[in-house]
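So you can see what is in the structure, the chains are spelled out below.
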Amino acid sequence: MSHLILIGYMGAGKTTVGKECARQLGRAFEDTDYLIEKKAGKTVSRIFETEGEFAFRRMETEVLLQLESTSDSKVIATGGGLPLRKENREILKRLGIVVYLEVKTETVMERLKGDTTRPLLQYSDREQRIEKMLRERDGAYRLAADLVISADGKSPEQIFKELERLTGGKL
């Protein structure tokens, strides 16, 4: 069976949309960041602090490989940086339908205002960093994706309906 995988920048709505898709499709929902936190026994922020980004990225690959060995079809939300590694993009392609939830800087700023849990955004020039990272990551997201959907100003239900339409109901 094929998984439905949601990728995109932090704040794109991967978890929220993923839970809605799982509900609509009657599937289990998994979040790669949550799976990593559970296995490591600490938060993503703490992993970045104590072990560094490289170690965290390696953990993302390990989680993808574990998901590849599951037989039941799931809806999976990934961490924002997961598709940056070529190895991860290749695994994502094998896992199922990969959907890039594309968002504008303004949407991310609005959704993440007041969020102090994201290690890559703990800077005073937050908006410029988001804009730069969105530009830098867009190519990797597009390489990994089978479908690209703008998540700006849309509810999880609207995104699910768009997904159904784009896949001809073959989710």
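1. Side note on the nonpolar core
In terms of nonpolar packing, the biggest core is built from 46 residues, with Ile 7, Tyr 9, Leu 92, Val 99, Leu 101 and Leu 163 touching the most fellow members. Excluding anything up to four places from it in sequence, Val 99 contacts Leu 4, Ile 5, Leu 6, Ile 7, Leu 147, Ile 149 and Leu 163.

2. Re the sheet that holds strand S4 (residues 96–102)
Read from one edge of the open sheet, five strands run S2-S3-S1-S4-S5, paired in parallel fashion. At either margin of the open sheet sits one strand with a lone partner, and together these are strand S2 (28–31) and strand S5 (147–150). If you compare each strand with its neighbour and ignore which way they point, the axes differ by 25° on average. Relative to strand S3 (residues 74–77), S2 runs parallel, the two sharing four bridges.

3. Digging into the pairing of S4
Judged by how many residues are buried, S4 sits mostly within the fold: five of seven residues are covered. Where strand S1 (residues 3–7) meets S4, five bridges bridge the pair, whose relative direction is parallel. If you follow Leu 6 over to S4, its bridge partner there is Val 99. Bridging between S4 and S5 involves four bridges; their strand directions are parallel. In the strand pairing of S5, Glu 102 is matched with Ser 150.

4. Digging into the pattern of salt bridges
Inspection of every chain in the model, using the stated rule, returns 18 salt bridges. Linking Arg 94 and Glu 68 is a salt bridge whose minimum nitrogen-to-oxygen distance equals 2.5 Å. Residue Arg 94 is found in helix H5 (residues 86–95), and its partner Glu 68 is found in helix H4 (residues 53–68); the two are separated by 26 residues along the sequence. Look at Glu 68 and you get partly exposed, because its relative accessible area is 30%. Here Arg 142 makes a salt bridge to Asp 138, at a shortest N to O gap of 2.8 Å. Placement of both Arg 142 and Asp 138 in helix H7 (residues 126–144) is noted, with a separation of four residues, approximately one turn of the helix. Because the salt bridges share partners, they merge into one network encompassing Glu 30, Asp 72 and Lys 74.

Scoring rules and cut-offs
Residues numbered from 1 in each chain as written. Predicted model: local features only at pLDDT ≥ 70, side-chain atom pairs only at ≥ 80, totals over all residues. Heavy atoms only, no water. Core = buried A, V, L, I, M, F, W, Y, C linked by side-chain atoms within 4.5 Å. Buried < 20%, exposed > 50% of the residue type's maximum accessible area, 1.4 Å probe, protein only. Contact = heavy atoms within 4.5 Å. Pairing = 2+ DSSP bridges. Helix = DSSP H or I, 4+ residues; strand = E, 2+ residues; numbered from the N terminus. Axes fitted to C-alpha atoms, helices over the stretch in contact; angles between N-to-C directions. Salt bridge = Lys/Arg side-chain N within 4 Å of Asp/Glu carboxyl O.

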